[in-house]
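Chain by chain, the residues run as shown.
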Amino acid sequence: MGGCAILKKVFCLINFRGYFMKKIVTILTVLLISYITLLSQAPNVEGFVPLRVTYNSVKIIDENTFIAAGTNGAVIISKDGGKTWNRRYLENGENIVDIEIFNNEIFLLCNDGKLYKSNDLGKTFTLLYILENAKPNSISINKKGYGVIACDSSKLFFTTDGGNIWSENSIIETINIQKAIIDNNNHIYICILGGVLEFKFGEVGYSFYGTPKNCNNCYPINPQMIDDNYYILFNGELLKKTFSKDFVKVCEVDSMTNYQIINDSTIIFLKKTRWSLFDVYEYNTNKEELVKIGDYSNIFLID
């Protein structure tokens, strides 16, 4: 009886382990099928699409609609304030360095000089223009259709027709340009080491503005024009400048990488998390409070 009991326990253990292994295999199979299905549903994708992406640029269209883009041609769009995201891809997998919105059209600027445009909120993209012998890093188009693309080695491209045709201009030489934007009065602001250059579209000559924190080796990042106020992120702070006045600190931003001024009291920030994703925060200038309002837990949803 003792031998039979032991043998029975052994067979039960084998059956249990076999059942457990079958469960693991079943779960892994389901996950693999789901993964393959996810890739097959992504539009404009041929072959394998890597899930790991570095998102180089985020554009906040309004308080509910965000778009981010980066390496391997990846584009993600949220229509609910960052709670869920839909993934898109450029067919050729170019590295996207910046995004611009003009007349409800999305422009994607790639580091190989290609400029793509979408008329359907990122569902499809068409190649619009190729910048010859250029390695661009930013694009900005104002409401009048005037725009600027900044490239490495002080190269600038300008447009007057909403981004359809671009021409090169070497107004500024021997300066490494990080980013450039243009306001609705056709004033162009260029981020360089230690501060900002300002000049008017089509004119020669410029002014230089330093920042409150002396950091000659720091670049101002993500400049924005809201009404008559010019904003930049610089050395851990969000700064604001009005006309010829000096920069003043709005708030400390720590590791915040992008933002959008919604109104006088509300600023939306995006904070980089692991794998170069972002969490969404709202800052109230009156209460001086920063509150998390969205995350990227549903980044792989496809509509």
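Counting restarts for each chain, with residues numbered from 1 along the sequence as it is written. Whole-chain, interface and lining totals are the exception, using all residues; otherwise, since this is a predicted model, local features are given only for residues with pLDDT of at least 70 and side-chain atom pairs are given and counted only at 80 or more. Side-chain descriptors were evaluated using all non-hydrogen atoms of the structure, hydrogens and water having been removed beforehand.

Side note on the packing of aromatic side chains
Here comes step 1: Ring pairs are drawn from Phe, Tyr and Trp, using the six-membered ring of Trp, whenever the two centres fall within 6.5 Å, and their geometry is named by plane angle: stacked under 30 degrees, edge-to-face over 60, tilted for the rest. Applying the stated criterion across every chain yields a total of 7 aromatic pairs.
Here comes step 2: Between the aromatic rings of phenylalanine 66 and tryptophan 85, the centroid separation amounts to 6.3 Å while the plane-to-plane angle is 40 degrees, which identifies the pairing as tilted. Of the two residues, phenylalanine 66 sits in strand S2 (residues 66–70) while tryptophan 85 sits in the loop between strand S3 (74–78) and strand S4 (86–89), which places them 19 residues apart along the sequence.
Here comes step 3: Burial classification: accessible surface area is computed with a 1.4 Å probe over protein chains only, and a residue below 20% of its type maximum counts as buried, one above 50% as exposed, and the rest as partly exposed. For phenylalanine 66, a relative accessible area of 0% puts it in the buried group.
Here comes step 4: Aromatic side chains tyrosine 189 and tyrosine 230 sit 4.5 Å apart centroid to centroid with 20 degrees between the ring planes, which places their arrangement in the stacked category. Residue tyrosine 189 is found in strand S14 (residues 187–192), and its partner tyrosine 230 is found in strand S18 (residues 229–234); the two are separated by 41 residues along the sequence. Grouping residues by exposure puts tyrosine 189 and tyrosine 230 together as buried. Numbering of helices and strands runs from the N terminus, with a helix taken as a DSSP run of H or I at least four residues long and a strand as a DSSP run of E at least two residues long.

With respect to the sheet that holds strand S19 (residues 237–242)
What holds strands together in a sheet is hydrogen bonding between their backbones, with the strands either parallel or antiparallel.
Here comes step 1: Pairs of strands are assigned from DSSP output, requiring at least two bridges between the strands. Strand order in the open sheet made by the 4 strands is S17-S18-S19-S20, with antiparallel pairing throughout. Edge positions in the sheet fall to strand S17 (221–226) and strand S20 (248–252), since each has one partner strand and no second. Mean inter-strand twist for the sheet, computed between neighbouring axes without regard to direction, equals 25 degrees.
Here comes step 2: Sheet analysis places S18 next to S19, joined by 6 bridges and oriented antiparallel. What sits directly across from tyrosine 230, in S19, is lysine 241. Comment: axis = line fitted to C-alpha atoms, over the contacting stretch for helices; angle = value between 0 and 180 degrees taken between N-to-C directions.

Describing unusual backbone geometry
Here comes step 1: Not every positive phi belongs to a glycine, and asparagine 72 is a case in point at roughly 60 degrees.
Here comes step 2: Along the polypeptide, asparagine 72 turns up in the loop between S2 and S3.
Here comes step 3: Accessibility expressed as a relative area gives 31% for asparagine 72, which makes it partly exposed.
Here comes step 4: Phi at asparagine 133 takes a positive value of approximately 50 degrees, unusual for a residue other than glycine.
Here comes step 5: In this structure, asparagine 133 sits in the loop between strand S8 (126–130) and strand S9 (136–141).
Here comes step 6: Classification of asparagine 133 as exposed rests on a relative accessible area of 71%.

Observations concerning the pairing of strand S6 (residues 105–110)
Here comes step 1: Counting buried residues in S6 gives 6 out of 6 residues, a clear majority hidden from the surface.
Here comes step 2: Side-chain alternation along S6 places Glu105, Phe107 and Leu109 on one buried face and Ile106, Leu108 and Cys110 on a second face that is also buried.
Here comes step 3: Pairing analysis gives 6 bridges linking strand S5 (residues 96–102) to S6, with the strands arranged antiparallel. Residue pairing for S6: phenylalanine 102 is matched across the bridge by glutamate 105.

Here we look at the confidence of the model for the protein chain
Here comes step 1: Of the residues in the protein chain, 73% reach a pLDDT of 70 or more, and the chain-wide mean stands at 75.
Here comes step 2: Per-residue confidence from the predictor is reported as pLDDT, a score between 0 and 100. Helix H1 (residues 2–41) is the least confidently modelled element of the protein chain, averaging 43 in pLDDT, while S6 averages 95, the highest of any element.
Here comes step 3: Under a pLDDT of 50 for its full length, residues 21–50 has, in the predicted model, 26 contacts with residues more than four places off or in other chains.
Here comes step 4: Any pair of residues with heavy atoms lying within 4.5 Å of one another is described as a contacting pair. With pLDDT under 50 throughout, residues 298–303 is counted as low confidence; its partners more than four residues away or in other chains account for 22 contacts.

Observations regarding the pattern of salt bridges
Side-chain pairing between opposite charges can occur once the charged atoms of the two side chains come close.
Here comes step 1: A carboxyl oxygen of Asp or Glu within 4 Å of a side-chain nitrogen of Lys or Arg is what we treat as a salt bridge. Tallied over the full model, the rule gives 6 salt bridges.
Here comes step 2: Close ionic contact of lysine 59 with glutamate 100 constitutes a salt bridge, the shortest N to O distance being 3.4 Å. Of the two residues, lysine 59 is situated in strand S1 (residues 55–60) and glutamate 100 in strand S5; the sequence distance between them amounts to 41 residues.
Here comes step 3: Among the residues examined, lysine 59 registers a relative accessible area of 23% and is labelled partly exposed.
Here comes step 4: Overall, glutamate 100 belongs to the buried group, its relative accessible area being 8%.
Here comes step 5: Between glutamate 168 and lysine 155 there is a salt bridge, with its nearest N and O atoms 3.9 Å apart. A residue pair is termed long-range when its members are at least 10 positions apart, and glutamate 168 in strand S12 (residues 167–169) and lysine 155 in the loop between strand S10 (147–151) and strand S11 (156–159) qualify at 13 residues.

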